[in-house]
Amino acid sequence: IEEVQAAERAAAAAKKPATTSTADASQSTTRICASCQQSLPESAYNKNQWRNKPEGQSKCRTCVEKSLANEQAAQSNKAATDLQEAERAVAAAQTPHEKLKAESRLSALQAEKVTGLKPVRLGRGRGRGGGGSGGRGRGGRGRGSAGRSTK
């Protein structure tokens with residue numbers, strides 16, 4: 001996937017028209033990358049890094065790609081360690097409650113690894129506002145209220 005993205009970025013950079021006018025030439029200067037500290041031209045940065053970030057904070061394309069790769073590697077390492085810890089917890093569980101809890105966590109982590117989706121946690125409150133008003137309407141006022149006249 002990363003190779004395809006790199007190829008698409010290279011193709012997009014190749015399609016970028018060359019600037020020859022004096023107005024464009026005055027704007028296309030060099031900038032120092034915040035990560036590698038090299039002075040690079042505008043073509044070495046993506047639009048967001050060049051336009052929206054000042055010189056001390058913008059990173060070149062190469063450094064952005066490296067940081068994304070490092071972030072993905074860190075996430076996969078964390079997922080692997082979480083999975084190992086969950087397997088240890090299943091092995092160490094003694095009571096049925098502990099076993100159920102540990103195996104539920106392990107199966108959720110395995111499913112997340114396979115699908116890439118985090119589990120949905122159910123059973124948290126009453127839903128829609130989480131109020132404990134006791135049923136219908138506005139806080140228990142309504143049909144059986146004391147202020148209602150009867151005939």
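For the structure, check the block above.
So, a few notes on the structure that sits alongside this text.

Scoring rules and cut-offs
Residues numbered from 1 in each chain as written. Predicted model: local features only at pLDDT ≥ 70, side-chain atom pairs only at ≥ 80, totals over all residues. Heavy atoms only, no water. Helix = DSSP H or I, 4+ residues; strand = E, 2+ residues; numbered from the N terminus. Buried < 20%, exposed > 50% of the residue type's maximum accessible area, 1.4 Å probe, protein only. Contact = heavy atoms within 4.5 Å. Areas by Shrake-Rupley, 256 points an atom, 1.4 Å probe, with all protein chains shown as cover. Expected span 1.5 Å × (residues − 1). Phe/Tyr/Trp six-rings, centres within 6.5 Å; stacked < 30°, edge-to-face > 60°. Lys NZ or Arg CZ within 6 Å of the ring centre and 35° of its normal. Arc of directions from axis to C-beta.

Here the focus is the overall build of the chain. Helix and strand counts for the chain come out as five helices and two strands. For the chain, the sequential pattern of α-helices and β-strands runs α-α-β-β-α-α-α. The buried share of the chain, taken over its 151 residues, is 11%. Considering only contacts within the chain whose residues lie at least 6 apart along the sequence, 26% involve residues at least 24 apart. Here the chain has roughly 12,600 Å² of accessible surface; of this, 51% comes from carbon and sulfur atoms.

If you check helix α4 (residues 61-92), its first and last C-alpha atoms are 47 Å apart, about what 32 residues at 1.5 Å a residue would give, namely 46 Å. Buried within α4 are the following residues: Cys63, Val64, Asp82, Leu83 and Ala86. Packed against the buried residues of α4 are α3 (47-52) and α5 (96-115).

Looking at the element boundaries, Ala93 is found in the loop between α4 and α5. Each C-alpha atom, one on Ala93 and one on Glu103, is 9.3 Å from the other, the two residues being 10 residues apart in sequence. When near neighbours in sequence (up to four residues on either side) are disregarded, Ala93 contacts Glu98 and Lys99.

With that settled, the discussion passes to the packing of aromatic side chains. For the coordinates displayed, the defined rule picks out one aromatic pair. Plain terms: the ring middles of Tyr45 and Trp50 are 5.4 Å apart, the flat faces sit at 50 degrees to each other, and that makes the pair tilted. With relative accessibility at 1%, the residue Tyr45 sits in the buried group. The aromatic ring of Trp50 is capped on one face by Arg31, whose charged end is 4.2 Å from the ring centroid.

Attention shifts here to α5. A rise of 1.5 Å per residue sets the reference length of α5, with its 20 residues, at 28 Å; its end C-alpha atoms lie 28 Å apart and thus fit the reference within 8%. Taken together, the buried positions of α5 are Ala102, Leu106 and Leu109. Along the axis of α5, the buried residues cluster in a sector spanning 60 degrees; they form a single face. In α5, the exposed positions angled more than 90 degrees off the buried face are occupied by Pro96, His97, Leu100, Lys101, Val114 and Thr115. Those residues of α5 that are buried lie in contact with α4. Where α5 terminates, the next one or two residues include Gly116, which has phi positive at roughly 85 degrees.

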